[in-house]
Amino acid sequence: MTARAAHRPVGTVTRGTTNPNRLRRMDRWITATHGPELRRATDPVAVDLGYGAAPWTAVELLGRLRTAAPHARVVGIEIEPARVAAAKRYERDGLVFRHGGFEIPIPRRPLLIRAANVLRQYEESEVAEVWQRLCARLARPTESSRGGLLVEGTCDEIGRRHVWVALGPEGPRTVTFATRLGSLQRPSDLAERLPKALIHRNIPGEPVHAFLRDFDRAWSAAAPYASYGARQRWIRAVRDLTSDWPVTDGPGRWRQGEVTVTWEALAPRG
């Protein structure tokens, strides 16, 4: 094998669709839940994998992570060389751009890999292998750390609706649903933004379908709370969900239009 072949990026070029502020909900969740790990690290490195045709999401990720960990660094990785070349002028202290793919071509293991809207164009059968490859590149657990975090999911074009899976070095941990509550008619509206591992499983007999069905029922039952605003209705609906589903977060996150459930509860059957 030649040196050039050995360094060929792993993956395929995506459409590259991107918009400023598109990933704010995911970033807000990462900062809140993974911020302590980033703060404890001596040199916390995060990867924005597949940032797209413009580097807005990588620039924004750096700013948001530094509110939790002022010494955080971000590496934007893109498989399309022209996108990397165009992003170079946005480099600054703590932010660089590199050509690559799922192999994550950086010297140290990152504490965070964010892969938003990257697997949307892949087949469901390819997801597990990509997850394994990316999780294998994460920082390893220690006595004081759970290790790195992979956050992989899908959102709409302006970031109003977003669903993502969080994975550690050991594999998937949780699924988070996040939305701008004013845009929501019912929780199952989020089904169209399920990540690739789940979007084709929203059918009767699958756990994610049952979860969204129960969420819609809880939302309908919470209709009297709508007079206090969509936020209060959401909080009540999620509180009702906790009696049957392993919700891992609390009202502080629910107020943000979020709910997080264990992966095991929603994982595809078979």
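Cut-offs applied
- Residues numbered from 1 in each chain as written.
- Predicted model: local features only at pLDDT ≥ 70, side-chain atom pairs only at ≥ 80, totals over all residues.
- Heavy atoms only, no water.
- Helix = DSSP H or I, 4+ residues; strand = E, 2+ residues; numbered from the N terminus.
- Rg over C-alpha atoms; globule rule 2.2 N^0.38 Å.
- Buried < 20%, exposed > 50% of the residue type's maximum accessible area, 1.4 Å probe, protein only.
- Contact = heavy atoms within 4.5 Å.
- Lys, Arg positive; Asp, Glu negative; His and termini not counted.
- Charge placed at Lys NZ, Arg CZ, Asp CG, Glu CD.
- Phe/Tyr/Trp six-rings, centres within 6.5 Å; stacked < 30°, edge-to-face > 60°.
- Salt bridge = Lys/Arg side-chain N within 4 Å of Asp/Glu carboxyl O.
- Axes fitted to C-alpha atoms, helices over the stretch in contact; angles between N-to-C directions.
- Parallel < 35°, antiparallel > 145°, perpendicular 65-115°, else oblique.
- Left-handed = near helix turned anticlockwise from the far one by under 90°.
- Pairing = 2+ DSSP bridges.
- Right-handed = clockwise from strand over helix to strand, strands pointing away.
- Core = buried A, V, L, I, M, F, W, Y, C linked by side-chain atoms within 4.5 Å.

Caption draft 1: Structural context of the overall build of the protein. The helix and strand inventory of the protein stands at ten helices and eight strands. Relative to a compact globule of 270 residues, whose C-alpha radius of gyration would be 18 Å, the protein shows 19 Å and is just as compact. Expressed as lengths along the three principal axes of its C-alpha atoms, the size of the protein is roughly 60 × 40 × 40 Å. Residues classed as buried in the protein amount to 54% of the 270 residues present. Summarising the internal contacts of the protein: among those between residues at least 6 apart in sequence, 67% fall at separations of at least 24. For the protein, the centre of its 42 positive side-chain charges and the centre of its 29 negative side-chain charges are spaced 4 Å apart.

Caption draft 2: Focus on the packing of aromatic side chains. In this structure the tally under the stated criterion is ten aromatic pairs. Ring pairs connect the aromatic residues Phe-177, Phe-211, Phe-215, Trp-219, Trp-234 and Trp-245, which therefore count as one cluster.

Caption draft 3: Quick look at the pattern of salt bridges. On inspection of all chains with the given rule, the structure shows 22 salt bridges. The residue Asp-43 makes a salt bridge to Arg-108 at a minimum N-O spacing of 3.6 Å. Of the two residues, Asp-43 is situated in the loop between helix H2 (24-40) and strand E1 (45-49) and Arg-108 in the loop between strand E3 (95-99) and strand E4 (112-116); the sequence distance between them amounts to 65 residues. Residue Arg-83 pairs with Glu-78 through a salt bridge whose shortest N-O separation is 3.3 Å. Since its relative accessible area comes to 13%, Arg-83 is described here as buried. Salt bridges sharing common partners tie together Asp-27, Asp-48, Glu-60, Arg-64 and Arg-114.

Caption draft 4: Structural context of the packing of helix H7 (residues 207-221) against helix H8 (residues 230-241). Contact pair H7 / H8: the axes reach a minimum separation of 8 Å and the direction vectors enclose 125°. With respect to each other, H7 and H8 are oriented oblique. Crossing geometry of H7 relative to H8 is assigned as right-handed. Of the residues in H8, those touching H7 at Phe-211, Asp-214, Phe-215, Ala-218, Trp-219 and Ser-220 are Ala-230, Arg-233, Trp-234, Ala-237, Val-238, Asp-240 and Leu-241.

Caption draft 5: Spotlight on the pairing of strand E5 (residues 149-155). E5 sits mainly inside the fold: seven of its seven residues count as buried. Neither face of E5 is left uncovered, since the one carrying Leu-149, Val-151, Gly-153 and Cys-155 and the one carrying Leu-150, Glu-152 and Thr-154 both have all their residues buried. Pairing of E4 with E5 involves five bridges; the strand directions are parallel. Note that in E5 the partner of Leu-112 across the bridge is Leu-149. Handedness of the crossover joining E4 and E5 through helix H5 (residues 124-137): right-handed. Alignment of E5 against strand E6 (residues 161-168), held across six bridges, turns out to be antiparallel. Residue pairing for E6: Cys-155 is matched across the bridge by His-162. Between E5 and the antiparallel strand that follows it, E6, lie five residues; Gly-159 among them carries a positive phi value of about 75°.

Caption draft 6: A look at the sheet that holds E3. Read across the sheet, eight strands follow the order E3-E2-E1-E4-E5-E6-E7-E8 without closing on themselves; strand pairing throughout is mixed. Edge strands, defined here as strands with exactly one partner in the open sheet, are E3 and strand E8 (258-262). With strand direction ignored, the average angle separating the axes of adjacent strands in the sheet is 20°. Seen against the sheet, helix H3 (residues 56-68) touches E1, strand E2 (73-78), E3 and E4 and runs at an angle of roughly 160° to E2.

Caption draft 7: Just the nonpolar core, in detail. Membership of the largest hydrophobic core comes to 54 residues, with the highest contact counts inside it found for Leu-49, Trp-131, Leu-150, Phe-177, Phe-211 and Trp-234. Ranked by residues supplied to this core, first place goes to H7 with seven residues. In this view, Trp-234 contacts Phe-177, Thr-179, Leu-181, Leu-184, Leu-190, Phe-215, Trp-219, Trp-254, Gly-257, Glu-258 and Val-259; residues no more than four positions away in its chain are not counted. Grouped together as the second largest cluster of nonpolar side chains are 30 residues, Ile-30, Ala-72, Leu-112 and Ala-166 included.

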